[in-house]
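Here is how the chains run, residue by residue.
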Amino acid sequence: MRVEDLRSLSQIGQALWGDPELSHRRTAETLQAVGLLPLADETILERASTALLARATSERGGVLSEALANPFFRLLPEERFLLAALHAERWSYRRLARVLECGEEEVACRAWKLRVHLASQYRGTERPLASLGAAGAVPARPSCPEFDPTNPWTQRFLDEEIPSRERIFLQNHLMACGECRGALARCRDLYYSVEGMIPKALAGEGDFARIQALQEAFFQIRRRVSPSEVTWRGAIRSYLGRTEAQLLLAGLLTWLAIRIFT
């Protein structure tokens, strides 16, 4: 399983439980349970995410009382999962729709409703929060993009959910249209005020150790269930996921570069 996928699961677990140690235990247990299933590598992340969300929902999130000072942790587990996957992991609407078992349009509408709700409780923005709920614009001219108040184009623009050709049109339009630039600026304020409420795993030694522990836990359960799947390639991938192995490889490449170019 890829290190990036393990890091995503760790991040999602932290958003669901709040407490780093508890979320790590729940993530490791869920990952091992999913490891018992005969799944392809590309489907493990989504299946494990679904299982994590189901467990958090059954436990009512397991959020510590002190974490409730952050409005983010007063949301339902599914709502926290949705925002954490969008903001911390940059998941697409398509992937979220598969995990949440709904349509992409519903994913976008839910995200907008949650963002407006959280932003209304944020006090760090320079613009009046009353304007954030209307972070779009009624078309001022025929060339302006259509504004849907339940899923505005501004949100889809920031989530990178607009096709490339339409995105180029919007970028050109924004250079000429002050009303749409203002709408996007309001939405950006909303977007980053919400992002600031979502807990993110720190990229320090503790985070690396947790990722490595998750990798070892998953590798061990896969080896027990299906030893034939644990190939040299898998073992090498597991080893290279370790911090000390990455440092050793970086040192070796630096030495080779010095020898070649000096």
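Read on for an overview of the structure.

What counts as what
Residues numbered from 1 in each chain as written. Predicted model: local features only at pLDDT ≥ 70, side-chain atom pairs only at ≥ 80, totals over all residues. Heavy atoms only, no water. Helix = DSSP H or I, 4+ residues; strand = E, 2+ residues; numbered from the N terminus. Buried < 20%, exposed > 50% of the residue type's maximum accessible area, 1.4 Å probe, protein only. Contact = heavy atoms within 4.5 Å. Areas by Shrake-Rupley, 256 points an atom, 1.4 Å probe, with all protein chains shown as cover. Axes fitted to C-alpha atoms, helices over the stretch in contact; angles between N-to-C directions. Nonpolar A, V, L, I, M, F, W, Y, C, P; charged D, E, K, R; others polar. Phe/Tyr/Trp six-rings, centres within 6.5 Å; stacked < 30°, edge-to-face > 60°. Lys NZ or Arg CZ within 6 Å of the ring centre and 35° of its normal. Salt bridge = Lys/Arg side-chain N within 4 Å of Asp/Glu carboxyl O. Core = buried A, V, L, I, M, F, W, Y, C linked by side-chain atoms within 4.5 Å. 1 Å grid on protein atoms, 1.4 Å probe; cavity = no way out; pocket = protein on both sides within 12 Å on 5 of 7 lines; lining within 4 Å. Points joined across faces, edges and corners; volume = space filled by probe spheres on them.

## Here's the deal with the overall build of the protein
- The number of helices and strands found in the protein is 12 helices and 0 strands.
- Its helices and strands taken in sequence order, the protein reads α-α-α-α-α-α-α-α-α-α-α-α from the N to the C terminus.
- Residue burial in the protein is summarised as follows: out of 262 residues, 43% are buried.
- Put simply, 68% of the contacts in the protein that link residues at least 6 apart link residues at least 24 apart.
- Roughly 14300 Å² of accessible area belongs to the protein as shown, and the carbon and sulfur atoms make up 57% of that amount.

## Quick look at the packing of helix 3 (residues 41–58) against helix 4 (residues 77–87)
- Axis separation between helix 3 and helix 4 bottoms out at 9 Å; the angle between their running directions is 145°. Judged by residue contacts, Ser-49, Leu-53, Ala-56 and Thr-57 of helix 3 engage Pro-77, Glu-78 and Phe-81 from helix 4.
- Taken together, the residues of the contact of helix 3 with helix 4 sort by class into 4 nonpolar, 2 polar and 1 charged.

## Things to note about the packing of aromatic side chains
- Evaluated as defined, the whole model comprises 3 aromatic pairs.
- Taking the centre distance of 5.3 Å and the plane angle of 80° together, the rings of Phe-72 and Phe-73 count as edge-to-face. With respect to burial, Phe-72 and Phe-73 carry one shared label: buried.
- Note that Arg-95 overlies the ring of Trp-91, its terminal NZ or CZ placed 4.9 Å from the centroid.
- Seen from the ring of Phe-157, Arg-167 lies directly overhead, with NZ or CZ sitting 4.1 Å from the centre.

## Details of the pattern of salt bridges
- Considering all chains together, one arrives at 14 salt bridges under this definition.
- Asp-5 is paired through a salt bridge with Arg-2; the nearest N and O atoms lie 2.9 Å apart.
- When its relative accessible area of 7% is taken as the criterion, Asp-5 is described as buried.
- Among the salt bridges present, the one from Arg-210 reaches Glu-21, with a minimum N-O distance of 2.8 Å. Here Arg-210 is found in helix 10 (residues 205–225), whereas its partner Glu-21 is found in helix 2 (residues 20–35), with 189 residues between them in sequence.
- A relative accessible area of 22% means that Arg-210 is categorised as partly exposed.
- For Glu-21, a relative accessible area of 42% translates into the label partly exposed.

## Some words on the nonpolar core
- In terms of nonpolar packing, the biggest core is built from 62 residues, with Phe-72 and Phe-81 touching the most fellow members.
- Excluding residues that lie within four positions of it along the chain, Phe-81 makes contacts with Ile-12, Leu-16, Ser-49, Leu-53, Trp-91, Leu-96, Val-99 and Leu-100.

## Concerning the layout of surface pockets
- By volume, the second largest pocket amounts to about 190 Å³.
- What lines the second largest pocket is Leu-86, Arg-90, Trp-91, Ser-92, Phe-157, Leu-158, Asp-159, Glu-160, Glu-161, Arg-167, Tyr-191 and Tyr-192.
- For the lining of the second largest pocket, the elements supplying multiple residues, two or more each, are helix 7 (153–158) and helix 9 (178–195).
- Here the residues of the lining of the second largest pocket are counted per class, giving 6 nonpolar, 1 polar and 5 charged.

## Examining the environment of Leu-76
- By the secondary structure assignment, Leu-76 is in the loop between helix 3 and helix 4.
- Linking Leu-76 and Ala-56, residues 20 residues apart in sequence, is a C-alpha distance of 9.5 Å.

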